[in-house]
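Listed below, chain by chain, are the residues.
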Amino acid sequence: MTLQPLRAALYDFEPKPVRAALEAAFAPDAAIQLCHPFETLNGPQDYFDTALAPLYAAWPDLERRETIVIESEIHSGHWIGCCGYYTGTFAKPWLGMPATGHQSVMRFHEFFRIEHGRIVEMQALWDLPEVMMQAGVWPMSPSLGREWHVPGPATQDGLRITGNGAHALRVVGDMLTALGRSKEHGLAGMDLPRYWHPRASWYGPSGIGTGRGISGFRNWHQIPFLNAMPNRVGDPAGGHFFAQGDYVGFTAWPGMSATITGDGWLGIAPSGQQITLRSLDFWRVENGLIRENWVLVDLLHVYAQIGVDVLARMREFAKARTGRLDP
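So, how was this worked out
- Residues numbered from 1 in each chain as written.
- Predicted model: local features only at pLDDT ≥ 70, side-chain atom pairs only at ≥ 80, totals over all residues.
- Heavy atoms only, no water.
- Helix = DSSP H or I, 4+ residues; strand = E, 2+ residues; numbered from the N terminus.
- Rg over C-alpha atoms; globule rule 2.2 N^0.38 Å.
- Contact = heavy atoms within 4.5 Å.
- Areas by Shrake-Rupley, 256 points an atom, 1.4 Å probe, with all protein chains shown as cover.
- Pairing = 2+ DSSP bridges.
- Axes fitted to C-alpha atoms, helices over the stretch in contact; angles between N-to-C directions.
- Parallel < 35°, antiparallel > 145°, perpendicular 65-115°, else oblique.
- Left-handed = near helix turned anticlockwise from the far one by under 90°.
- Nonpolar A, V, L, I, M, F, W, Y, C, P; charged D, E, K, R; others polar.
- Core = buried A, V, L, I, M, F, W, Y, C linked by side-chain atoms within 4.5 Å.
- Buried < 20%, exposed > 50% of the residue type's maximum accessible area, 1.4 Å probe, protein only.
- Phe/Tyr/Trp six-rings, centres within 6.5 Å; stacked < 30°, edge-to-face > 60°.

### Regarding the overall build of the chain
Helix and strand counts for the chain stand at 9 helices and 15 strands. For the chain, whose C-alpha radius of gyration is 19 Å, the value lies close to the compact-globule estimate of 20 Å for 327 residues. Along the three orthogonal principal directions, the C-alpha set of the chain runs to about 55 × 50 × 35 Å. Long-range pairs, those at least 24 residues apart, make up 66% of the contacts in the chain with a sequence separation of at least 6. Accessible surface, the chain: about 14000 Å² in total, of which carbon and sulfur atoms supply 53%.

### A short note on the sheet that holds strand 8 (residues 210–212)
The 6 strands lie next to each other as 8-7-15-14-11-10, forming an open sheet whose pairing is mixed. Taken across any chain shown, the strands that pair with only one partner, and hence form the sheet edges, are strand 8 and strand 10 (240–244). Within the sheet, the average angular offset between the axes of one strand and its neighbour, ignoring direction, is 15°. Two elements, strand 11 (residues 247–251) and strand 14 (residues 279–286), share 4 bridges in a ladder whose sense is antiparallel. Considered in strand 14, the bridge of Gly 249 is made with Phe 282. In this fold helix 7 (residues 213–228) packs onto strand 7 (196–203) and strand 8, with an angle of close to 145° to the strand it touches most, strand 8.

### Quick word on the packing of helix 1 (residues 4–11) against helix 2 (residues 15–25)
Relative orientation of the contacting elements helix 1 and helix 2 amounts to 160°, with a least axis distance of 9 Å. Comparing their axes, helix 2 and helix 1 come out roughly antiparallel. Here the hand of the crossing between helix 1 and helix 2 comes out left-handed. Facing Pro 5, Leu 6, Ala 9 and Leu 10 of helix 1, the residues of helix 2 in contact are Pro 17, Val 18, Ala 21, Leu 22 and Ala 25. Of the residues contributing to the contact of helix 1 with helix 2, the split by class is 9 nonpolar, no polar and no charged.

### A look at the packing of helix 2 against helix 3 (residues 43–58)
As a packed pair, helix 2 and helix 3 sit with axes 10 Å apart at the nearest point and diverge in direction by 150°. In terms of orientation, helix 2 lies roughly antiparallel with respect to helix 3. Note on packing geometry: the crossing formed by helix 2 with helix 3 is right-handed. Residues Pro 15, Val 18, Arg 19, Leu 22 and Glu 23 of helix 2 form the contact with helix 3, whose participating residues are Pro 44, Gln 45, Tyr 47, Phe 48, Asp 49, Leu 52 and Tyr 56.

### Some thoughts on the nonpolar core
Phe 26, Tyr 47, Leu 52, Tyr 86, Trp 94, Trp 126 and Trp 265 are the most contacted members of the largest nonpolar core, which has 105 residues in total. The element that contributes the greatest number of residues to this core is helix 3, accounting for 7 residues. Those residues in contact with Trp 265 that lie beyond four places of it in its chain are Ile 208, Pro 224, Phe 225, Ala 228, Met 229, Ile 260, Leu 277, Leu 299 and Val 302.

### Some details on the sheet that holds strand 5 (residues 103–115)
Sheet architecture is open: 6 strands sit in the order 2-1-6-5-4-3, paired in mixed fashion. The open sheet is flanked by strand 2 (40–42) and strand 3 (63–74), the only strands paired with a single partner. Strand-to-strand twist across the sheet, computed as the mean angle between neighbouring axes with direction ignored, equals 20°. With 11 bridges joining them, strand 3 and strand 4 (residues 77–89) adopt antiparallel strand pairing. By the bridge assignment for strand 4, Ile 70 is matched with Gly 81. Those strands touched by helix 1 are strand 1 (26–33), strand 3 and strand 6 (118–126), and its axis lies near 165° from that of strand 3.

### A word on the packing of aromatic side chains
Taken as a whole, this structure holds 18 aromatic pairs when the rule is applied. Centre to centre, the rings of Phe 26 and Phe 112 are 6.4 Å apart; their planes meet at 70°, and the pair counts as edge-to-face. Residue Phe 26 is located in strand 1, and its partner Phe 112 is located in strand 5; the two are separated by 86 residues in the primary sequence. For Phe 26, a relative accessible area of 1% puts it in the buried group.

Shape descriptors only; they carry no functional weight alone.
In structure tokens form, the structure reads like this:
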């Protein structure tokens, strides 16, 4: 597998081996799309210098742990999707977040497109709000769902996935089609119990949180989301949707567009602003129903599109924590 040496180097993170593994795994001109504020990076060197090296400087015992890895050939090529988290001691400030001196975690979803044995495209989200919350400096509205350290698959098989995934892909695809019927037919048209296990867990990004069961998914994410953006338009054809075994992954950059209306969303005023959303997802299907769904959304990018610099606001919020109150 193309990613195996890189995955091993990132687990036992040391700068020289990681840099060498990046150079070996990525094509020199690979298109790297990372969450706000990193945005588009140009090849492995830029990825290391701009994103990974500063994180390592702040978390000097950094390691990358995986909970799900899926791999498949689809129309757009060979894709590998990785779900997990970075962890380490938060020893020095990072992106304006004050160090805590404690172990921190940051979820990631990272998708890689492979051509001729090398990575030519990467689309990835890091859950920066999760780190802000651990540092006590999340400056935006509180989550409706449960904030916690999101677990890996209940079946503990996310790193031993086999099978072609056709059935899981069909279940998730049919569910997404049903969600789209809500505009004309409301909740009944979605027919959620047909696709979701009654004990399903929807693991949303920090800033939204986790919802348990269909009611948790609806109350803590779906209802506020649909009320705020009833005209949302997804673009599954423009994304990359693939499966292996009981697992399904989806990545797009972006995957949806909408206008913020109604009562607003996540504390964002209903300004009528058109936005796009980057949402990278993993699902696990069990006995024909979706039992777990891991979701990351680039919330900082959402805020940036309406003119709110969350990192700047965070730095103002953090002044009292760091004692740096002078202008």
